[in-house]
Amino acid sequence: MAQEFPGWHGTTIIGVKKGGRVVIAGDGQVSLGQTVIKGTARKVRRLSPGGHDVVCGFAGSTADAFTLLERLEAKLEATPGQLARASVELAKDWRTDKYLQKLEAMLIVTDGAQMFVITGAGDVLEPEHDVTAIGSGGNYALAAARGLMEADLDAEAIARKAMAIASDICVYTNGNLTVEEISA
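Basis of the calculations
Going along each chain's sequence as written, the residues are numbered from 1 onward. In keeping with the model being predicted, local features are shown solely for residues with a pLDDT of at least 70 and side-chain atom pairs are shown and tallied solely at 80 or more, while totals for entire chains, interfaces and linings include all residues. As a rule here, side-chain values come from all non-hydrogen atoms in the structure, and water together with hydrogens is ignored. Working definition: helices are DSSP H or I runs of at least four residues, strands are E runs of at least two. Numbering for both runs from the N terminus. In what follows, a contact means two residues having at least one pair of non-hydrogen atoms within 4.5 Å. Any pair of Phe, Tyr and Trp rings, taking the six-membered ring for Trp, is counted once the centres come within 6.5 Å. Such a pair is stacked with planes under 30 degrees apart, edge-to-face with planes over 60 apart, and tilted for the rest. Exposure categories follow from relative accessible area, calculated using a 1.4 Å probe and restricted to protein chains: below 20% of the type maximum is buried, above 50% is exposed, and the middle band is partly exposed. Two strands pair if DSSP finds at least two bridges between them. Candidate patch residues must exceed 30% relative accessible area and have no salt bridge, after which like charges are joined if within 9 Å and Val, Leu, Ile, Met, Phe, Trp or Tyr side chains if within 5 Å. Only the protein chains shown count as covering a residue, and every accessible area follows the Shrake-Rupley method with a 1.4 Å probe. The rule for a salt bridge is simple: a side-chain nitrogen of Lys or Arg has to be within 4 Å of a carboxyl oxygen of Asp or Glu. An axis is simply a line fitted to the C-alpha atoms; with a helix, the fit covers only the stretch in contact. Between two such axes, the angle follows the N-to-C directions and lies from 0 to 180 degrees. If an angle is under 35 degrees, it is roughly parallel; if it is over 145, roughly antiparallel; if it lies from 65 to 115, roughly perpendicular; otherwise it is oblique. Throughout, a crossing is termed right-handed when the near helix is turned clockwise from the far one, and left-handed when it is turned anticlockwise from it by less than a right angle.

Caption draft 1: Highlighting the environment of E126. Here E126 lies in the loop between β10 (124–125) and β11 (131–135). C-alpha of E126 to C-alpha of Q114: the two residues are 12 residues apart in sequence and 7.8 Å apart in space. Ignoring sequence-local partners within four residues, the contact set of E126 consists of M115 and F116.

Caption draft 2: Representation of the packing of aromatic side chains in the model. Across all of its chains, the model carries one aromatic pair by this definition. Arranged with centres 5.4 Å apart and planes meeting at 55 degrees, the rings of F58 and F66 form a pair that is tilted. For F58, a relative accessible area of 2% corresponds to the buried category. We classify F66 as partly exposed; its relative accessible area is 31%.

Caption draft 3: Structural detail: the sheet that holds strand β9 (residues 115–118). Strand order in the open sheet formed by five strands is β6-β7-β8-β9-β10, and the pairing between neighbours is antiparallel. The strands lining the two open edges of the sheet, one partner per strand, are β6 (44–47) and β10. Strand direction decides the pairing type here: strand β8 (residues 105–110) and β9, joined by four bridges, are antiparallel. Of the residues in β9, the one forming a bridge with L107 is I118.

Caption draft 4: Geometry of a nonpolar patch on the surface. A surface patch of nonpolar side chains, about 260 Å² in accessible area, is lined by Y140, I165 and I169. Locating I169 in the fold gives a position in helix α5 (residues 155–169). I169 sits in the partly exposed class, given a relative accessible area of 47%.

Caption draft 5: Just the sheet that holds strand β12 (residues 178–183), in detail. Strand order across the open sheet formed by four strands is β11-β2-β3-β12, with antiparallel pairing between neighbours. In this open sheet, the two strands that pair with only one neighbour each are β11 and β12. Neighbour-to-neighbour, the strand axes of this sheet turn through a mean angle of 10 degrees, independent of strand direction. Across the sheet, helix α4 (residues 138–148) touches β2 (12–18) and β11, and the angle it forms with β11 is around 165 degrees. α5 rests against β2, β3 (21–26) and β12 of the sheet, and its axis sits at about 150 degrees to β2.

Caption draft 6: A look at the packing of α4 against α5. Where α4 meets α5, the closest approach of the two axes is 8 Å, and the angle between their N-to-C directions is 140 degrees. It follows from the interaxial angle that α4 and α5 lie oblique. The interaxial crossing formed by α4 with α5 has right-handed handedness. Touching Y140, A141, A144, A145 and L148 of α4 are I158, K161, A162, M163, I165, A166 and I169, all from α5.

Printed below as a string of structure tokens:
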């Protein structure tokens, strides 16, 4: 009997918007089954298509995520400074293109003013409560960050504390963070 491929697991990405600043943070762990393959992966990137900065974090298959980031960058070049429009166009393509439909990843994107989660189901979601998270430890990070939003902490401190909590709970998340900040 053939064994099934155990699948890649890992990643927690969080986006926090507070005080005119947006921070996206992601951990560095990539796991295959029960084995940590890499602990220092970089899953948060800054793009500058057309001179407009956008910060993106991805969860899921790395190759799939990079394909989506390239497509998003092309959409942003076609519609400079219009993150919402580019995100919707990417989601439409992702939902209708047979090749893209097979991609297994999710994105959090922000230009400092707006923040969205883009999914393969064709969703472009603007988070409630100025916090969103994706990936295997996403729910833990989201709950922690929502609880910290009332505290006297800035966006980066909230993201870092929430990721620390998620990494203590989720075995597919580590504390090796990549953090990118952007202002509106």
